[in-house]
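For reference, the chains in residue letters:
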Amino acid sequence: MHKSLYIFIGGMAFLTGCQTLTTPKPTPEPIAIQKPVEPEDTIVKVEKPVEITDVWQRISLQMEMPIDDHKLVNQYRDWYLANPRHLEIVSKRAEPYLHYIVEELEKRDMPIEIALLPIVESSFDPSAYSASAASGLWQLTSPISNHFGVKSDWWYDGRRDVPAATIAALDFLEYLYDRTGENWLYAIAAYNTGEGRVNNAVRRNKAAGKSTEFWALSLPRETQRYVPQLIALSDVIKNAEKYGINLTPISNEPHIAIVDIQSQMDLKLAADLADMNINELKSLNPGLDRWATSPDGPHTLVVPYDKKDVFEQKLAQLDLKSKLNWHRYKIQSGDTVSHIAKRFDTSPSFIRSSNNLKNNNIRAGRYLIIPVPPEGADLTTDELLAQNQLTPKAMTYTVKSGDSLWVIARQFDVSVDALIRWNRLPKNGALSIGKVLTIGSATSSNATERTVNYKVRSGDSLARIANRFNVSVDDLIKWNKLHNTKYIQPGQMLRLVVDVSKVNA
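Quantities reported herein were computed from a predicted structural model and do not represent experimental measurements. (Residues numbered from 1 in each chain as written. Predicted model: local features only at pLDDT ≥ 70, side-chain atom pairs only at ≥ 80, totals over all residues. Heavy atoms only, no water.)

K.L.:
What's the story with the overall build of the protein in this structure? I'm lost.
P.N.:
Assigned secondary structure in the protein consists of 22 helices and 8 strands. Across the 505 residues in the protein, those meeting the buried criterion constitute 45%. Counting contacts in the protein only where the partners sit at least 6 residues apart, residues at least 24 apart contribute 71% of the total. Put simply, the protein shows about 27,400 Å² of open surface, and 51% of that area lies on carbon and sulfur atoms. (Helix = DSSP H or I, 4+ residues; strand = E, 2+ residues; numbered from the N terminus. Buried < 20%, exposed > 50% of the residue type's maximum accessible area, 1.4 Å probe, protein only. Contact = heavy atoms within 4.5 Å. Areas by Shrake-Rupley, 256 points an atom, 1.4 Å probe, with all protein chains shown as cover.)

K.L.:
Explanation requested: helix 3 (residues 71-82) in the structure shown.
P.N.:
The terminal C-alpha atoms of helix 3, which comprises 12 residues, lie 16 Å apart, in line with the 16 Å expected from a rise of 1.5 Å per residue. Taken together, the buried residues of helix 3 touch helix 4 (84-94), helix 11 (221-238) and helix 12 (240-243). (Expected span 1.5 Å × (residues − 1).)

K.L.:
Help me out: how do you make sense of unusual backbone geometry in this one?
P.N.:
The phi angle of most residues is negative, glycine excepted, and most peptide bonds adopt the trans form. Here the residue pair glycine 297 and proline 298 is connected by a cis peptide bond, since its omega of 5 degrees sits within 30 degrees of zero. Position of proline 298 relative to the elements: it lies in the loop between helix 14 (278-284) and strand 2 (300-304). One non-glycine residue, glutamine 139, lies in the positive phi region at around 50 degrees. For glutamine 139, the location among the structural elements is in the loop between helix 6 (117-122) and helix 7 (142-147). Overall, glutamine 139 belongs to the buried group, its relative accessible area being 11%.

K.L.:
How do you make sense of the side chain of threonine 293 when you look at a structure like this?
P.N.:
Of note, threonine 293 is situated in the loop between helix 14 and strand 2. A distance of 2.9 Å separates a polar atom in the side chain of threonine 293 from the backbone nitrogen of methionine 265. Beyond its immediate sequence surroundings of up to four residues, threonine 293 is in contact with Trp155, Ile261, Ser263, Gln264, Met265, Leu267, Leu288 and Leu301. (Polar contact = N/O pair within 3.5 Å; in protein donor to acceptor, adjacent residues only side chain to side chain.)

K.L.:
Just checking my understanding: could you explain the side chain of arginine 159 for this structure?
P.N.:
Looking at the secondary structure, you find arginine 159 in the loop between helix 7 and helix 8 (162-179). We classify arginine 159 as buried; its relative accessible area is 11%. At a separation of 2.9 Å, a polar atom in the side chain of arginine 159 contacts the side chain of aspartate 157. In this structure arginine 159 touches Ala133, Ala134, Ser135, Gly136, Leu137, Leu140, Thr141, Ser142, Ser145, Val150 and Ala165, once residues within four positions along its chain are discounted.

K.L.:
Even after reading the chapter, I still don't get the packing of helix 3 against helix 4, so can you show me in this structure?
P.N.:
Helix-helix packing is characterised by the crossing angle of the two axes and by the distance between the axes. Relative orientation of the contacting elements helix 3 and helix 4 amounts to 80 degrees, with a least axis distance of 4 Å. Relative to helix 4, the element helix 3 is oriented roughly perpendicular. Listed contacts from helix 4 to Trp79, Tyr80, Leu81 and Ala82 of helix 3 are Pro84, His86 and Leu87. Classifying every residue of the contact of helix 3 with helix 4 gives 6 nonpolar, 1 polar and no charged. (Axes fitted to C-alpha atoms, helices over the stretch in contact; angles between N-to-C directions. Parallel < 35°, antiparallel > 145°, perpendicular 65-115°, else oblique. Nonpolar A, V, L, I, M, F, W, Y, C, P; charged D, E, K, R; others polar.)

K.L.:
Explain the pattern of salt bridges to me, please; I cannot follow it from the model alone.
P.N.:
Side chains carrying opposite charge are able to pair once their charged atoms draw close together. This model, assessed by the stated rule, comprises 15 salt bridges. The partner of glutamate 103 in a salt bridge is arginine 58, and the shortest N-O contact between them spans 2.6 Å. Separated by 45 residues along the polypeptide, glutamate 103 in helix 5 (residues 98-108) and arginine 58 in helix 2 (residues 55-62) bring together distant segments of the chain. Classification of glutamate 103 as partly exposed rests on a relative accessible area of 30%. Residues lysine 151 and aspartate 153 are paired through a salt bridge, measuring 3.1 Å at the closest nitrogen-oxygen approach. When its relative accessible area of 28% is taken as the criterion, lysine 151 is described as partly exposed. Connected through shared salt-bridge partners, Asp157, Arg159, Arg160 and Asp289 make up one network. (Salt bridge = Lys/Arg side-chain N within 4 Å of Asp/Glu carboxyl O.)

K.L.:
I'm lost on the nonpolar core in this one. Help?
P.N.:
Of all hydrophobic cores here, the largest spans 91 residues; its most connected members are Trp56, Ile59, Leu98, Trp138, Tyr191 and Phe311. With sequence-adjacent residues up to four places away left out, phenylalanine 311 is seen in contact with Val259, Ile261, Ala270, Leu273, Ala274, Leu301 and Val303. If you look at the next biggest cluster of nonpolar residues, it comprises 29 residues, including Trp406, Val452, Tyr454 and Leu494. (Core = buried A, V, L, I, M, F, W, Y, C linked by side-chain atoms within 4.5 Å.)

K.L.:
Sorry, what's going on with the packing of helix 9 (residues 184-193) against helix 10 (residues 195-207) here?
P.N.:
At a minimum axis distance of 7 Å, the contact between helix 9 and helix 10 shows a crossing angle of 130 degrees. Classified by the angle their axes make, helix 9 and helix 10 are oblique. Side by side, helix 9 and helix 10 meet where Tyr186, Ala189, Ala190 and Thr193 of the first sit next to Glu195, Arg197, Val198 and Val202 of the second. Grouping the amino acids of the contact of helix 9 with helix 10 by side-chain chemistry returns 5 nonpolar, 1 polar and 2 charged.

K.L.:
Would you explain the environment of lysine 323 in this entry?
P.N.:
Along the chain, lysine 323 falls in the loop between helix 15 (308-316) and strand 3 (325-330). Relative accessible area serves as the criterion here: at 5%, lysine 323 is assigned to the buried category. Discounting chain neighbours no more than four positions away, the residues touching lysine 323 are Ile261, Gln262, Ser263, Gln264, Met265, Asp266, Leu269, Leu315 and Leu318. Among the polar contacts made by the side chain of lysine 323, one reaches the main-chain carbonyl oxygen of isoleucine 261 at a distance of 2.5 Å.

K.L.:
Sorry if this is basic, but what is going on with the packing of aromatic side chains here?
P.N.:
When we look at a pair of aromatic rings, we describe it by the centre distance and by the angle of the planes. On inspection of all chains with the given rule, the structure shows 9 aromatic pairs. Ring geometry for phenylalanine 148 against phenylalanine 172: centres 5.4 Å apart, planes inclined by 50 degrees, an arrangement best described as tilted. Placement of the pair is phenylalanine 148 in the loop between helix 7 and helix 8 and phenylalanine 172 in helix 8, with a sequence separation of 24 residues. Looking at phenylalanine 172, the relative accessible area reads 11%, which means it is buried. (Phe/Tyr/Trp six-rings, centres within 6.5 Å; stacked < 30°, edge-to-face > 60°.)

K.L.:
Can you help me understand helix 2 in this one?
P.N.:
The periodicity of an α-helix, 3.6 residues per turn, causes residues three or four places apart in sequence to face the same way. Burial in helix 2 covers these residues: Val55, Trp56, Arg58, Ile59 and Ser60. The elements touched by buried residues of helix 2 are helix 4, helix 5, helix 6 and helix 11. Two or three places before tryptophan 56, at the opening of helix 2, aspartate 54 has a side-chain oxygen 3.2 Å from that residue's backbone nitrogen.

K.L.:
What is the right way to look at the confidence of the model for the protein in this model?
P.N.:
Where the model shows low pLDDT, its predicted coordinates should not be examined in detail. Summary statistics for the protein give a mean pLDDT of 80 and a share of 77% for residues scoring 70 or more. Within the model, pLDDT remains below 50 along residues 1-33, and this stretch shows 3 contacts once partners closer than five positions in the same chain are excluded. (pLDDT = per-residue confidence, 0-100.)

Below, the structure written as structure tokens:
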């Protein structure tokens with residue numbers, strides 16, 4: 001455009017010069033020189049970049065997976081829209097971890113929709129486990145987690161360690177992507193059912209001259225529902241405002257930091273160094289099962305991002321021995337290493353390594369140096385999670401017209417049984433308008449009682465699930481509002497309040 005303008009102006013100057021050869025020279029007048037004005041349609045308007053302040057916004061702007069108009073996709077979308085409270089709760093649970101997960105996905109150039117997989121798998125509950133022995137946000141099984149470098153021992157279960165499990169899950173998904181012909185829908189389906197089933201289904205369709213797109217594959221019923229659920233969820237998240245869904249904003253900045261503590265460390269001491277409550281520290285490190293980190297590692301702790309610097313500064317001032325409390329124990333007649341370990345809530349192997357013992361031979365009258373937890377810090381993670389879930393910080397609620405124990409329990413994300421216990425209500429749960437209920441209690445609940453999320457498997461029935469977790473079918477129906485539902489479906493998440501000491505193997 002600019003070049004043609006210059007040629008046009010130059011041509012006009014040439015023609016004007018030719019005219020002066022045959023006409024009298026006029027009296028010179030001041031010439032007003034103006035810059036050529038470009039047509040409006042050539043002006044490029046530069047829009048101000050969108051400032052991303054919310055991780056949910058960051059996710060929705062990068063979504064690229066097509067939203068297929070499929071019966072199951074529509075069905076799951078309708079469910080999420082009819083149950084907006086579920087996503088509100090999930091959003092709060094995801095707050096510490098979602099930014100970290102998104103960062104890892106972007107580093108690998110993986111579909112951002114995978115950040116929503118923990119919602120499908122566990123409702124973003126690090127303590128969730130299934131009857132197939134899968135655990136954590138990503139519902140990893142022990143064989144898969146071990147294969148991808150996540151360890152578990154007496155002290156620690158890496159499947160519940162969110163950063164470690166995230167890395168393993170993404171490694172696993174990338175492996176499945178390569179093994180299923182670089183098709184992400186195949187890979188996500190294989191995450192649920194295994195690469196062999198997916199590849200076999202593709203081969204069968206090819207041999208029969210049928211379509212090999214995901215929707216045409218013959219897969220287990222749970223897997224056929226698994227992928228549509230993620231796609232429906234992606235649509236709801238992407239269009240949350242349009243659908244009227246309230247996602248608790250999550251600031252688009254780091255929320256957690258992973259600190260190398262270099263050796264085993266007492267959690268109470270670590271919490272003090274980070275200026276935290278020990279329960280807060282344990283909630284960010286749900287993979288830790290004891291009062292200290294594992295002596296064999298990993299030697300890392302997750303702390304709030306804004307506490308990282310002060311924690312590292314104080315940590316640098318400690319010597320190795322001061323990271324644990326030690327007790328000098330005199331061996332009694334009849335003692336064994338395993339009995340002493342059980343008494344002091346430690347492992348036999350750690351007693352042996354701490355005292356340079358080559359075997360379990362010990363002699364009465366001699367001394368052992370044993371690491372011990374400080375007073376009040378000897379709860380396991382499972383017990384702590386049970387307390388956090390069943391005895392939240394106390395508050396009050398006034399019963400309104402239309403309320404029921406179920407409605408109130410869902411509103412505060414607690415169990416109906418807990419409401420009955422905290423308020424000493426009759427078993428029939430009768431409520432009167434205006435009654436003031438206590439939500440939470442200062443007293444400790446049964447340490448083995450936990451609220452868990454269970455994913456329904458193919459062949460499951462309410463009776464089988466009730467028998468496995470030693471609860472009643474009526475309670476299952478009540479906890480999950482199944483009164484008007486005739487059957488449950490593979491992949492469906494159920495909420496149970498169970499005594500883990502009575503779960504049937």
